[in-house]
Amino acid sequence: MLEIINAAVSKLKAVGGESPRIGLILGSGLGDYAETLDNKRFVNYADIEGYPVSEVHGHKNRFVVGEKYGKTVIAMQGRFHYYEGYPQNLLALGVRTMKKLGVEKLLVTNAAGGVNLDYKPGTLMLISDHINLSGGNPLIGKNLDEFGLRFPDQSNVYDKELRSRLKALAGENGIELAEGVYLMMSGPCYETPAEIRMARIIGADAVGMSTIPETMTASHCGIKVVGISLITNMAAGILDQPLSHEEVNETAAISAKRFTALVNLILEKLF
Ligand code: HPA
């Protein structure tokens, strides 16, 4: 694991420029955001010894380093999902590579189903906390002590101070932002109506198939995390209609402008 991370770090250092202090992992609907960085440099995953490459069509499978608002940013274009068959400790590689390069703050976004009945498709939700029902954990296996403790605290995975500042900033800038708990299931199936009723009872506001492996890994190694879910659909059993990937993509496309405005605000004013 450490060899793969070190190989990635040296490839990324070789493309030059300042060390990034900000990391980005962007979900459905925002994958192209990395294209808006200035002075972009690329490192393909395929050129890093041992690095996994996602087979999902359209994934670019590369790191992008560039500048935004004068700050150096590293983004992953092509995210790995647990449901694709990767063990969760492989999902930790990107975040640990970022850590070794000097990243201090990470923005993670995703598309999610709305569990909270006050939400609607298009709602932007700041993640306050999570419930990991994925069945996996990225920290299982030998602990890499240079990154963090064997039994890490998870009381503040989604940094409290950054959340409070972001809520104020969103308000000042007229961006509506809910705040709630994200629950991860493994996927790739959408959940059953009974699972969604359970999710609501145990305190979840949104449900999805990503993000938690990355945010747990970041918290383990001391990176401050901000997580944003775009609610693309109401979760199973709430409306009398089946769920589909098309609906998720459609809502993501319709909401892309507001989502981008929020990401811009985070990079310009919060980070
Ligand atoms: N469930 C799980 N993942 C999702 C959903 C959902 O309803 N919508 C978008 N990603």
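Everything discussed here concerns the structure shown above.
The model shown is predicted, which means the values in this text are computed figures rather than measured ones. (Residues numbered from 1 in each chain as written. Predicted model: local features only at pLDDT ≥ 70, side-chain atom pairs only at ≥ 80, totals over all residues. Heavy atoms only, no water.)

Engineer: Quick one: what's the story with the site of the ligand, residue by residue and with numbers?
Structural biologist: A111, A112, G113, Y190, E191, V207, G208, M209, T232, N233, L243 and V248 make up every residue found near the ligand. Contact between the ligand and A111: a nitrogen atom at 3.4 Å from a main-chain N or O atom of the residue. Across the complex, the protein chains shield 95% of the 260 Å² of accessible surface that the ligand would expose by itself. Where the shell around the ligand is concerned, the elements lending two or more residues are β5 (105–114), β8 (206–208) and β9 (224–234). Looking at which element gives the most residues to the shell around the ligand, the answer is β5, with 3 residues. Taken together, the residues of the shell around the ligand break down into 7 nonpolar, 4 polar and 1 charged. (Near = heavy atom within 4 Å. Polar contact = N/O pair within 3.5 Å; in protein donor to acceptor, adjacent residues only side chain to side chain. Areas by Shrake-Rupley, 256 points an atom, 1.4 Å probe, with all protein chains shown as cover. Helix = DSSP H or I, 4+ residues; strand = E, 2+ residues; numbered from the N terminus. Nonpolar A, V, L, I, M, F, W, Y, C, P; charged D, E, K, R; others polar.)

Engineer: So what's going on with the packing of aromatic side chains? Which residues, and what values?
Structural biologist: Under the criterion given, the structure shown has 6 aromatic pairs. Between Y45 and F80, the ring centres sit 5.5 Å apart and the planes meet at 35°, which makes this aromatic pair tilted. Placement of the pair is Y45 in the loop between β2 (38–44) and β3 (62–68) and F80 in the loop between β4 (71–77) and α2 (88–91), with a sequence separation of 35 residues. The two residues Y45 and F80 agree in class, both being buried. Taking the centre distance of 5.8 Å and the plane angle of 70° together, the rings of Y51 and F63 count as edge-to-face. Note that Y51 is positioned in the loop between β2 and β3 and F63 in strand β3, a separation of 12 residues in sequence. One cation-aromatic arrangement involves R96 over F147; the distance from NZ or CZ to the ring centre is 4.9 Å. (Phe/Tyr/Trp six-rings, centres within 6.5 Å; stacked < 30°, edge-to-face > 60°. Buried < 20%, exposed > 50% of the residue type's maximum accessible area, 1.4 Å probe, protein only. Lys NZ or Arg CZ within 6 Å of the ring centre and 35° of its normal.)

Engineer: Pulling in residues and values, what's your account of helix α1 (residues 2–14)?
Structural biologist: The terminal C-alpha atoms of α1, which comprises 13 residues, lie 18 Å apart, in line with the 18 Å expected from a rise of 1.5 Å per residue. When we look at burial in α1, the residues that qualify are I4, I5, A7, A8, V9 and L12. For α1, the elements touching its buried residues are β2, β3, β4 and α3 (93–101). A positive backbone phi angle near 85° is found at G16, which sits one or two residues after α1. (Expected span 1.5 Å × (residues − 1). Contact = heavy atoms within 4.5 Å.)

Engineer: So, the pattern of salt bridges: which residues are in play, and what are the values?
Structural biologist: Think of it this way: side chains of opposite charge can pair up when their charged atoms draw near. On inspection of all chains with the given rule, the structure shows 8 salt bridges. Put simply, R21 and E104 hold a salt bridge, and the shortest N to O gap is 3.8 Å. One end of the pair, R21, is in the loop between α1 and β1 (22–25); the other, E104, is in the loop between α3 and β5, with 83 residues separating them in the sequence. For R21, a relative accessible area of 42% gives the class partly exposed. Owing to a relative accessible area of 44%, E104 belongs among the partly exposed residues under this scheme. The partner of R62 in a salt bridge is E35, and the shortest N-O contact between them spans 3.3 Å. Here R62 is found in strand β3, whereas its partner E35 is found in the loop between β1 and β2, with 27 residues between them in sequence. On the accessibility criterion, R62 (16% relative accessible area) is buried. (Salt bridge = Lys/Arg side-chain N within 4 Å of Asp/Glu carboxyl O.)

Engineer: With reference to specific residues and values, describe helix α6 (residues 212–220).
Structural biologist: Across the 9 residues of α6, 8 count as buried, placing the element largely inside the fold. Every buried residue of α6 is listed here: I212, P213, E214, T215, M216, T217, A218 and H220. At the C-terminal side of α6, G222 shows a positive phi close to 85°.

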